[in-house]
Amino acid sequence: RDVSALLGDLQEREGRLSAREEAVEFDSSRAAARLERIEARDLALRESERALERRAREDARRMLLEGRAEIERTVRELREQGAVATARDARRRTRPRSIDSIARIGPFAARSRPRAA
């Protein structure tokens, strides 16, 4: 009797253990599949982040180059305006002298010059 009871108990435990192993195997396969999905999502996310960073760097570089070109254009325009303004100021400064010198010399110019013989 004891042997048959022990044998029955052993078979019952083996059945429960087998059921637990199946449950663990099922959970393990679900976990492995879930892990694969998570790793695939993680990989896709990292690739997406790299692409975004690359685009952000390209945009930043493009904006810097555009900004630099705009600054150079502005500096060139200011230099041209400065050159025009400098020339204009020089003309303004020389005109009054010319007019004043003509006014001073004008009527007396013929008398003060020696006549050619």
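Small disclaimer: the values here were computed from a predicted structure and weren't measured. (Residues numbered from 1 in each chain as written. Predicted model: local features only at pLDDT ≥ 70, side-chain atom pairs only at ≥ 80, totals over all residues. Heavy atoms only, no water.)

On to a positive patch on the surface. A cluster of like positive charges, contributed by R50, R54, R55 and R57, occupies part of the molecular surface. Note on placement: R54 falls in helix α1 (residues 2–105). (Patch = residues over 30% accessible without salt bridge, like charges linked within 9 Å, V, L, I, M, F, W, Y side chains within 5 Å. Areas by Shrake-Rupley, 256 points an atom, 1.4 Å probe, with all protein chains shown as cover. Salt bridge = Lys/Arg side-chain N within 4 Å of Asp/Glu carboxyl O. Lys, Arg positive; Asp, Glu negative; His and termini not counted. Charge placed at Lys NZ, Arg CZ, Asp CG, Glu CD. Helix = DSSP H or I, 4+ residues; strand = E, 2+ residues; numbered from the N terminus.)

So, on to the pattern of salt bridges. Any two side chains of opposite charge can pair, given that their charged atoms come close. Under the definition given, this model contains six salt bridges. Residue D27 pairs with R30 through a salt bridge whose shortest N-O separation is 3.9 Å. Here D27 and its partner R30 are both found in helix α1, three residues apart, which amounts to about one turn of the helix. We classify D27 as partly exposed; its relative accessible area is 43%. Under the relative-accessibility criterion, R30 is labelled exposed at 51%. One continuous salt-bridge network, built from bridges that share partners, spans D59, R62 and E66. (Buried < 20%, exposed > 50% of the residue type's maximum accessible area, 1.4 Å probe, protein only.)

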